[in-house]
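Take a look at the letters that make up each chain.
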Amino acid sequence: MSVESVDSWKVTLPCTRAEAEAIDAGEFALDAVLMTTEEVEDDVERWRLDAYMENEPDAAMLDALRALAPSAAGVAPVIEALTAEDWVAMSQEGLEPIHEGRFVVHTSAHPVEAPEGGRAFLIDAGRAFGTGHHATTSGCLRMLDAMADRDFASVIDVGTGTGLLAFAAAHLWPDAKIVATDIDPAAIDVTRINAVDNHIEGLELIVADGALSDAIIALAPYDLVIANILAGPLVSMAPELAAIADARATIVLAGLLETQREQVVAAFAACGCTLEEVDRRGDWTILRLTAGEVRYVPASPPDPKGRDGWALDI
């Protein structure tokens, strides 16, 4: 393989389930995309950490990755140079279609027809989170599907990733105003491309840090707020998410482990929200809450600088 053909790099280490959960729930200052996979079903010792990065990993990067998987001490990491073709083929491998209610989510490698009365979404793995194959995303799909008979006029998907949940909302409530937002401009680019591929029109796409953007506030309040991110950000962002929700709005939260549920629920309860439903999928939990009878107004404007230190007691 020539140097010119290398598009990205992959580092692989074995890990345990406990380490994988900590990685999935954590925030790390690494210039890499981290993915964990269960290699042997129900074997807590047989998991794998894959890290993808644009540049060849140096000693500091390898040390940082080893620190995430201390059980792999003494194991040499597997380092692979990937071409663009390698990345596309690898990212689709094994991603069989998933079915949640009326929705089917598939990749280009595994095309399927939509079920009768349902909708199929083409979401290829790539630069953004949310192919539907993770329990948090599929659980959100199920929760949205179960609310199909409700009437939502204004929906926001915070941390939209690939745009999948915003697309599902657009299908269920075609007359609603749908906003998809993410802190990562690449995710919004991916969402825009996926919207075209899936014939989704009329989405408002916003690059923003949380819900503090003027563009997001200008379109508030929302009667359905979806946030599939991580537990730490959910706790820290509870006041701003509650503030953009209308009175009696529905709030769907995901990206948290069951061990983190109590803290997330408490953060939103402090903003007047009531827990209505819990969907537990393995170690992951999806929550449905209802905002208070009166629209929440923070005692002081939320400060994004106050989000430093998103660690939780887990």
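Residues numbered from 1 in each chain as written. Predicted model: local features only at pLDDT ≥ 70, side-chain atom pairs only at ≥ 80, totals over all residues. Heavy atoms only, no water.

**Q** Explain the pairing of strand E14 (residues 284–290) here, please?
**A** Along E14, 7 of the 7 residues are buried, which leaves the element largely enclosed by surrounding structure. Alternating residues of E14 divide into Trp-284, Ile-286, Arg-288 and Thr-290 and Thr-285, Leu-287 and Leu-289, and every residue in both groups is buried. One ladder, built from 6 bridges, connects strand E12 (residues 245–257) with E14; its direction is antiparallel. Across the sheet, Val-252 pairs through a bridge with Arg-288, a residue of E14. Pairing of strand E13 (residues 274–281) with E14, which is carried by 7 bridges, proceeds in the antiparallel orientation. Across the sheet, the residue bridging to Asp-279 is Ile-286, located in E14. (Buried < 20%, exposed > 50% of the residue type's maximum accessible area, 1.4 Å probe, protein only. Helix = DSSP H or I, 4+ residues; strand = E, 2+ residues; numbered from the N terminus. Pairing = 2+ DSSP bridges.)

**Q** For this particular structure, what's the right way to read the sheet that holds strand E7 (residues 119–122)?
**A** Backbone-to-backbone hydrogen bonds join strands into a sheet, with any given pair of strands oriented parallel or antiparallel. One open sheet holds the 3 strands; their spatial order is E5-E6-E7, and the pairing between them is mixed. The two strands at the open ends of the sheet, each matched to only one other strand, are strand E5 (98–100) and E7. The mean angle between the axes of side-by-side strands here comes to 20 degrees, regardless of whether they run parallel or antiparallel. One ladder, built from 3 bridges, connects E5 with strand E6 (residues 103–106); its direction is antiparallel. Within E6, the residue paired with Ile-98 across the bridge is Val-105. In this fold helix H5 (residues 164–172) packs onto E6 and E7, with an angle of close to 155 degrees to the strand it touches most, E7. (Axes fitted to C-alpha atoms, helices over the stretch in contact; angles between N-to-C directions. Contact = heavy atoms within 4.5 Å.)

**Q** Explanation requested: the sheet that holds strand E4 (residues 78–82) in the structure shown.
**A** Read across the open sheet, the 4 strands follow the order E2-E3-E1-E4; overall the sheet is antiparallel. Either end of the sheet is taken by a strand with one partner, and the two such strands are strand E2 (33–38) and E4. Across the sheet, the axes of successive neighbouring strands diverge by a mean angle of 20 degrees, strand direction being ignored. Examined bridge by bridge, E2 and strand E3 (residues 47–53) share 6 bridges and lie antiparallel to one another. By the bridge assignment, Glu-38 is partnered in E3 with Trp-47. In the packing of helix H2 (residues 59–68) onto the sheet, contacts are made with strand E1 (8–15), E2, E3 and E4, and the angle to E3 comes to roughly 155 degrees.

**Q** I keep staring at empty space enclosed by the protein and nothing clicks. Help me out?
**A** A water-sized probe, rolled over the atoms, reveals where empty space remains. Counting across every chain of the model gives 2 cavities of 30 Å³ or more. Approximately 30 Å³ is the volume found for the second largest cavity. Taken together, Ala-242, Asp-246, Cys-271, Cys-273, Ala-291, Gly-292, Val-294, Arg-295 and Tyr-296 form the lining of the second largest cavity. By residue class, the composition of the lining of the second largest cavity is 6 nonpolar, 1 polar and 2 charged. (1 Å grid on protein atoms, 1.4 Å probe; cavity = no way out; pocket = protein on both sides within 12 Å on 5 of 7 lines; lining within 4 Å. Points joined across faces, edges and corners; volume = space filled by probe spheres on them. Nonpolar A, V, L, I, M, F, W, Y, C, P; charged D, E, K, R; others polar.)

**Q** Looking at this model, I keep getting lost on the pattern of salt bridges. Mind explaining?
**A** Where side chains of opposite charge bring their charged atoms close, a pairing between them can arise. Applying the stated criterion to the full structure yields 14 salt bridges. A salt bridge links Glu-100 to Arg-281; the nearest nitrogen and oxygen atoms lie 2.7 Å apart. In this pair, Glu-100 is assigned in strand E5 and Arg-281 in strand E13, connecting sequence segments 181 residues apart. As far as the burial class goes, Glu-100 and Arg-281 line up, both buried. (Salt bridge = Lys/Arg side-chain N within 4 Å of Asp/Glu carboxyl O.)

**Q** Can you help me understand the side chain of Asp-182 in this one?
**A** For Asp-182, the location among the structural elements is in strand E9 (residues 177–182). There is a polar contact of 3.0 Å between the side chain of Asp-182 and the backbone nitrogen of Gly-161. Apart from residues no more than four positions distant in its own chain, Asp-182 is found in contact with Gly-159, Thr-160, Gly-161, Ala-187, Ile-188, Ile-206, Val-207 and Ala-208. (Polar contact = N/O pair within 3.5 Å; in protein donor to acceptor, adjacent residues only side chain to side chain.)

**Q** I'm lost on the packing of aromatic side chains in this one. Help?
**A** Any two aromatic rings considered together are summarised by their centre-to-centre distance and by the angle between their planes. Tallied over the entire structure, the rule returns 3 aromatic pairs. Here the aromatic rings of Phe-121 and Phe-167 are separated by 6.2 Å at their centres, their planes lie at 45 degrees, and the arrangement is tilted. One end of the pair, Phe-121, is in strand E7; the other, Phe-167, is in helix H5, with 46 residues separating them in the sequence. Every member of this aromatic cluster is reached through a ring pair, and the members are Phe-103, Phe-121 and Phe-167. (Phe/Tyr/Trp six-rings, centres within 6.5 Å; stacked < 30°, edge-to-face > 60°.)

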